Amino acid sequence: MRTLTRRMLWTLLLLLAVDIAVVATAAVLLTPWLAPVRDAAAAALPFGGASARIAWWVAVLVPALVAFVWAQLRYTSAQTMAEVDARIVGPDEYPALHERVQRLAQLADLTPPRIAVADADVPNSFAIGTLGGATVVVSEGLLSTLAGDELDAVLAHELMHVANRDATVMTLASFLPSLTDGEYDPVADLLPGGSRYALGLVALGLAYVFSTRVLDAPFGSLSFTLGFLFLFAVTVLFGGVALGVFTAPVVVLGRSLSRAREFAADRSAAQLTGDPAALVEALETLDGGGDDRPAADKRSAYAGVRGLCFLPYGFDSDGPTDSSVIETRSHPPTAERIERLQSVARSLEQGQSES
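- Under an unreviewed UniProt entry, the name given to the protein chain is Protease heat shock protein HtpX, and the organism recorded is Haloarcula vallismortis ATCC 29715.

1. What about the overall build of the protein chain?
- Looking only at helices and strands, the protein chain has 13 helices and four strands in total.
- Residues classed as buried in the protein chain amount to 44% of the 355 residues present.
- Across the protein chain, contacts joining residues at least 24 apart in sequence account for 70% of those joining residues at least 6 apart.
- Taken as a whole, the protein chain presents about 17900 Å² of accessible surface, with 61% of it coming from carbon and sulfur.

2. Notes on a negative patch on the surface
- A surface patch of negative charge is lined by Asp 85, Asp 119, Asp 121 and Glu 140.
- Counting through the fold element by element, Glu 140 comes out in helix 4 (residues 140-145).

3. Remarks on the side chain of Glu 262
- Along the polypeptide, Glu 262 turns up in helix 10 (residues 222-273).
- Glu 262 sits in the buried class, given a relative accessible area of 0%.
- Apart from the residues within four sequence positions on either side, Glu 262 is in contact with His 157, His 161, Cys 309, Phe 310, His 331, Pro 332 and Arg 337.

4. Here's the deal with helix 10
- In this model helix 10 runs 72 Å from its N-terminal to its C-terminal C-alpha over 52 residues, within 8% of the 76 Å that 1.5 Å per residue would give.
- Its axis deflected by about 25° at Thr 247, helix 10 carries its strongest bend there, up to four residues before the proline Pro 249.
- Phi turns positive one or two residues past the end of helix 10, at Gly 274, with a value near 70°.

5. What about the nonpolar core?
- Counting 41 residues, the largest nonpolar core has Leu 97 and Leu 159 as its most contacted members.
- Mapped onto this core, the elements with two or more residues apiece are helix 3 (95-107), strand 2 (114-118), strand 4 (133-139), helix 5 (148-163), helix 10, helix 11 (276-287) and helix 13 (334-354).
- The element best represented in this core is helix 5, accounting for eight residues.
- Counting 20 residues, the second-largest nonpolar core is a separate cluster that includes Met 8, Met 81, Ala 264 and Val 305.

6. With respect to the UniProt feature "transmembrane region" (unreviewed entry) in the protein chain
- UniProt's feature table lists "transmembrane region" (unreviewed entry) at residues 12-34, 54-73, 197-215 and 227-253, given in the numbering used throughout.
- Helix makes up 100% of residues 54-73 and strand 0%, with an end-to-end C-alpha separation of 29 Å.
- As annotated, residues 197-215 comprises 74% helix and 0% strand, and the C-alpha atoms at either end are separated by 26 Å.

7. Considerations on the pairing of strand 2
- Most of strand 2 sits inside the fold, with four of its five residues counted as buried.
- Sheet analysis places strand 2 next to strand 4, joined by five bridges and oriented parallel. Paired with Ile 115 across the strands is Val 136, a residue of strand 4.

8. Concerning the environment of His 157
- Along the polypeptide, His 157 turns up in helix 5.
- Using a relative accessible area of 0% as the deciding quantity, one classes His 157 as buried.
- As for His 157 and Phe 126, which are separated by 31 residues in sequence, their C-alpha atoms are 9.1 Å apart.
- Residues contacting His 157, with those up to four places away along its chain left out, are Glu 262, Ala 265, Asp 266, Ala 269, Phe 310 and Arg 337.
- Only 3.0 Å separates the side chain of His 157 from the side chain of Glu 262, close enough to count as a polar contact.

9. Description of the pattern of salt bridges
- Inspection of the entire model under this criterion finds 10 salt bridges.
- Note that Glu 262 and Arg 261 form a salt bridge whose closest N and O atoms lie 3.8 Å from each other.
- Put simply, Asp 166, Arg 261, Glu 262, Asp 266 and Arg 337 are held in one network by salt bridges that share partners.

The rules we used
- Residues numbered from 1 in each chain as written.
- Predicted model: local features only at pLDDT ≥ 70, side-chain atom pairs only at ≥ 80, totals over all residues.
- Heavy atoms only, no water.
- Helix = DSSP H or I, 4+ residues; strand = E, 2+ residues; numbered from the N terminus.
- Buried < 20%, exposed > 50% of the residue type's maximum accessible area, 1.4 Å probe, protein only.
- Contact = heavy atoms within 4.5 Å.
- Areas by Shrake-Rupley, 256 points an atom, 1.4 Å probe, with all protein chains shown as cover.
- Patch = residues over 30% accessible without salt bridge, like charges linked within 9 Å, V, L, I, M, F, W, Y side chains within 5 Å.
- Salt bridge = Lys/Arg side-chain N within 4 Å of Asp/Glu carboxyl O.
- Lys, Arg positive; Asp, Glu negative; His and termini not counted.
- Charge placed at Lys NZ, Arg CZ, Asp CG, Glu CD.
- Expected span 1.5 Å × (residues − 1).
- Bend = angle between axes of the 7 residues up to and from the residue.
- Core = buried A, V, L, I, M, F, W, Y, C linked by side-chain atoms within 4.5 Å.
- UniProt positions renumbered as here; feature names shortened; annotations may be inferred.
- Pairing = 2+ DSSP bridges.
- Polar contact = N/O pair within 3.5 Å; in protein donor to acceptor, adjacent residues only side chain to side chain.

Here you go:
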């Protein structure tokens, strides 16, 4: 647990630093178009000079940072649920599942999370966390494949992600990599259809007008238009490069945290249920020695989900393709997880024999 806590802390600190860098870079890149707003705000302040500039940056960066972090968690959790066709279910619809989660959460002294079921035949599960609570997602395939102690063991594993808070950290850490890889498109998701193009044209028009503050050319002239297009292209290009640079360390630490959190959740789940063998059997059943599980995922959008899943093959059942191989570096090998669980079983047996 100390290893997991340390890696979670480093990941959170890095995410905060990266978010600050992203927000600050965006503010700097948008400064030419925000100049009228900045000047109006500075004129309204009772002081000027450097103090006014510092107050402006604080007034912009702090709310923007809070909103950015909140939006990442909300958007990532909602998008992850949508990617696997998961929906929140109540106890009337899945009474046995709710009873299991309630019982295990009570054992763990944990507030029961929301439960969602994904419409997928592939047996898998994951937990996502937000500031308002957590959700455990299981597939229909998992519910039809496992039962009894094995299902309890997998559910306990997901509850341990919630209890350890790593579900929230991983949810937050998956946003920038997925955005950089093109898996997420918040603008297209929030503004479907032609509305986003209309908003883009309006924003482009306003940027064109506001460029009069930084371009030394007659408004509307060819030289003004060319200068605006150059400034806009440099802003977009530099912003894209900066986002990629900022995301790289998040990917590295996220993978390290993902491995550590799987081992920690396995161990905690085995201790909670007192039955490490059940989790071993669940891993062996679901992994199937690599013969029956999908060897690849055709849909790149599932890459973010795979990093959160109990096993790394996600929820795709379309079979292997040569062009898209599953990324497994963020997950420890199943054989290693089983070996560690067997060590936990021996420890529990020794403790029971000594008592």
